[in-house]
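Inside the fold
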Amino acid sequence: MAPGKTIKAKIKKTLPVTGPQAPTVSELMHWYCMNTNTHGCRRIVVSKGRLRRFIWILLTLSAVGLILWQCAELVMFYYTASVSVTVQFQKLPFPAVTICNINPYKYSAMKEHLSELDKETKNALETLYGFSEGKSKVRRDADDWNATGSKFLEIIPLVKFEDLSKKTVTEIPSGNKRKIETSVFHQGSSMVNTGDPQDVVGFQLCDPNNSSDCAVYTFSSGVNAIQEWYKLHYMNIMAQIPLETKVNMGYSAEDLLLTCFFDGISCDTRNFTPFHHPLYGNCYTFNSGENGKVLTTSTGGSEYGLHVVLYIEEADYNPFLVTSTGAKIIVHDQHEYPFIEDIGTEIETAMATSIGMHFTRSHKLSKPYSDCTETGTDIPVANLYNKSYSLQICLHSCFQRAMVDTCGCAQYAQPLPPGAEYCNYKKYPNWMYCYYKLHEKFVKEQLGCQQICKEACSFKEWTLTTSLAQWPSSVSEDWLLRVLSWDKGQKINKMLNKTDLANLVVFYKDLNERFISENPANNIVILLSNFGGQLGLWMSCSVVCVIEIIEVFFIDSFFIVMRRRWQKAKKWWHDRKAAPAQVNAPANEGHDNPVCIDEDLPTFNTALHLPLPQENHVPRTPPPNYSTLQLDAAFTDPLPDTLEGSCH
């Protein structure tokens, strides 16, 4: 064998063998753990302490278990060739449908309470426009007003502007002309005024405690001015009538409902829940869910759903309160309050009204994604409606609370707060002026309600599509009205007119429920995935690698720094305690002085001057008593070298 190969063989035999050529399994595993990219295995070997090594073993085994489980699931899913077919018959919950007559109370039952107000309204119309029932168009003089009296016009006087730019008005009923110095607020009108634009009608509201604090509210149409003036007095009168009396003056379910069908099955008044609305009187809700049962429908189309025929009884309408004929309905959830005055749909008489619905369920994310509320408990406004939270409930409750706090009483159109009572000008003579001032602030968003109230995060919505058709037709009118009159004949003794009837159909156009949900664009899963992608792309790191980095760069580094600081602090404290003892020690004590004056070894004389050891030092052998070695008899004179040593 060549000399070089012999030397190489001897070196290999002498050096320890590592790697795949290791002689034992233990050494092979140690080499693998020290050189592998699997960080968990390396941390098991290099970790100090049983607890830390046990934690790394547990983490590594958990990661291996998760990998095996996920890989097994992927393989099983890959080789699965089965096909699943799901057949589902969908049913949608049918919404609550609240129906009200546009005329809240029977005029025949209300005449006793409204006789004086109606009389003054007729006289005001005669004075303003020169007409009255059964008389020629002759304007009424002021003397006639003085003879009959005008209580309501004294409280809220009507005025007619002769010149709006100059603020010159004519008072009703006195007929006096004067110039006003107060603020004029023009209320919008949906009616078209075809007369002289200078001929504007309004009414004046003043603070009874301050006659100079007044405001005039004008309308471009006399119809709106008279109606608004009438409604103010009407609400004042109704606020003083007990609820039981108002219910008796309204329309019963038997009066309002003639026929009823739901999904082809007959229904009656027992399927309707009564509900008293301050502005619309007795209303009735179909499928209210009051007994805990909500009806569902499994078929769409106009042949299904709710079919009702309503008896309107136009002849018993209040001529000054309402100017249209028909009913008003609202489709809503069973837990929502029916704000029929705000979003109700009007139903015409002598018409068949078909309302098709699409159901949408929506859910928005709350903070920090949007400024909505889940249940309304975080809104500092008390819910006065005893229904689930909504933005309208919050706004109306906020205004009612502000009304009670500012004016001392509650507005008639909204529920009563605890401990409050409805406004009337016998107890609260300035409530009308206060109400208009407060409502003006509310509309201009100066009351703070729009800033406090928030939208609900979850809500249900029914999109309505309305279509109309003449009903009954001319060829079926005769027999249909006769049959309905016969069905109704037990309560009325007259032939029904088609203008007294309204046909209503409410149905699902299809059974497709649309669910709109907001999902966060970024969540913890996406965040961790993005972190993992960046670490894997640029540093080839995994979760175990991140844990290793945290352990080394944070935990271990922290303990090393703290240990160094502790050692420095301990050394400083030890030196501080040792310093005073060394300063106070005598110079001639101890044999362990580390510093000598001379660099050479001490001589006999210098050794005598070394300090004695400190008390806390280990005792050592004392120096010999050299004086015993002196020979007094032999040497009487000192030697020269001894004299030199003593000099030093």
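Each chain has its residues counted from 1, following the order in which its sequence is written. In view of the model being predicted, local features appear only for residues whose pLDDT reaches at least 70, and side-chain atom pairs are presented and counted only at 80 or more, with totals across whole chains, interfaces and linings using the full set of residues. Hydrogens and waters are ignored; side-chain quantities use all the structure's heavy atoms.

1. What to know about the state of the cysteines
For the record, the criterion: The term disulfide is used for any two cysteine sulfur atoms that are within 2.5 Å. Secondary structure counts use DSSP, requiring at least four H or I residues in a row for a helix and at least two E residues in a row for a strand, with both numbered from the N terminus. Only protein chains enter the accessibility calculation, which uses a 1.4 Å probe. A residue is then buried if its area is under 20% of the maximum for its type, exposed if over 50%, and partly exposed in between.
Under the definition given, this model contains seven disulfides. Paired by a disulfide, C100 and C283 hold their sulfur atoms 1.9 Å apart. A torsion of 120 degrees about the S-S bond marks the disulfide between C100 and C283 as right-handed. Of the two residues, C100 is situated in strand β2 (residues 96-101) and C283 in strand β12 (residues 281-286); the sequence distance between them amounts to 183 residues. Overall, C100 belongs to the buried group, its relative accessible area being 0%. Disulfide partner of C394: C453, at an S-S distance of 2.0 Å.

2. Description of the packing of aromatic side chains
The geometry of two aromatic rings is summed up by the distance between their centres and the angle between their planes. So the rule is basically this: Stacked, tilted and edge-to-face are the three classes assigned to paired rings of Phe, Tyr and Trp, where Trp is represented by its six-membered ring and a pair needs centres within 6.5 Å; plane angles under 30 degrees give stacked, over 60 edge-to-face, the rest tilted.
Counted under the stated rule, the structure contains 19 aromatic pairs. Note on F359 and W462: the rings are 4.9 Å apart at their centroids and 25 degrees apart in plane angle, and the pair reads as stacked. One end of the pair, F359, is in strand β17 (residues 351-363); the other, W462, is in strand β20 (residues 458-470), and 103 residues separate them in sequence. Ring geometry for F558 versus F559: centroids 5.8 Å apart, planes at 70 degrees, classification edge-to-face. Exposure remark for F558: the relative accessible area of 49% places this residue in the partly exposed category. When its relative accessible area of 48% is taken as the criterion, F559 is described as partly exposed.

3. So, the pairing of strand β9 (residues 257-262)
Here is the rule we go by: Think of it this way: DSSP has to see at least two bridges between two strands before they count as a pair.
With five bridges joining them, β9 and strand β14 (residues 306-311) adopt antiparallel strand pairing. The partner of T259 across the bridge, within β14, is V309. For β9 and strand β10 (residues 265-266), the ladder comprises two bridges, and the chain directions are antiparallel. Its bridge partner lying in β10, F262 is registered against I265. If you look at the hairpin formed by β9 and β10, you'll find two residues sitting between the two strands, and D263 has a positive phi there, around 55 degrees.

4. A closer look at the sheet that holds strand β11 (residues 272-277)
The cut-off we apply is this: Each axis is a line fitted through C-alpha atoms, and for a helix only the stretch in contact is used; angles between axes span 0 to 180 degrees, taken between their N-to-C directions.
The sheet built from five strands is open, its strands ordered β11-β12-β2-β15-β16 with antiparallel pairing. Looking along the sheet, the strands with just one partner apiece sit at the ends: β11 and β16 (345-347). Pairwise comparison of adjacent strand axes, ignoring direction, gives a mean angle of 30 degrees for this sheet.

5. Here's the deal with the confidence of the model for the chain
Defined as follows: The pLDDT score gives, residue by residue, the confidence of the prediction method on a 0 to 100 scale. Contact between two residues is taken to exist if any of their heavy atoms lie within 4.5 Å; hydrogens are not considered.
Here the chain shows a mean pLDDT of 79. Residues at 70 or above account for 74%. In this model, residues 588-592 is a region of pLDDT below 50 whose contacts with residues beyond four sequence positions or in other chains number 19 contacts. Counting interchain partners and residues more than four positions distant, the pLDDT-below-50 stretch residues 594-598 has one contact.

6. Description of the packing of helix α5 (residues 107-129) against helix α8 (residues 222-238)
Convention followed: When an angle is under 35 degrees it counts as roughly parallel; over 145 it counts as roughly antiparallel; between 65 and 115 it counts as roughly perpendicular; any other value is oblique. Crossing handedness is defined as follows: a turn of the near helix away from the far one that is anticlockwise and smaller than a right angle gives a left-handed crossing, while the clockwise case is right-handed.
Where α5 meets α8, the closest approach of the two axes is 11 Å, and the angle between their N-to-C directions is 155 degrees. If you check the angle between α5 and α8, you find them roughly antiparallel. The element α5 and its partner α8 pack so that their crossing is right-handed. Of α8, the residues touching α5 (which contributes M110, H113, L114, L117, D118, T121, L125, L128 and Y129) are G222, I226, W229, Y230, H233, Y234, I237 and M238.

7. Section: helix α13 (residues 431-443)
Since the α-helix turns once every 3.6 residues, residues separated by three or four places project in the same direction. We count it as follows: Expected helix span is taken as 1.5 Å per residue step, with the number of steps being one fewer than the number of residues.
If you check α13, its first and last C-alpha atoms are 18 Å apart, about what 13 residues at 1.5 Å a residue would give, namely 18 Å. W431, M432, Y433, C434, Y435, Y436, L438 and F442 are the residues of α13 that are buried. The first or second residue beyond α13 is E445, which carries a positive phi of 60 degrees.

8. Side note on the environment of L125
Mapped onto the secondary structure, L125 falls in helix α5. Accessibility expressed as a relative area gives 16% for L125, which makes it buried. With 101 residues separating them along the chain, L125 and I226 place their C-alpha atoms 8.2 Å apart.

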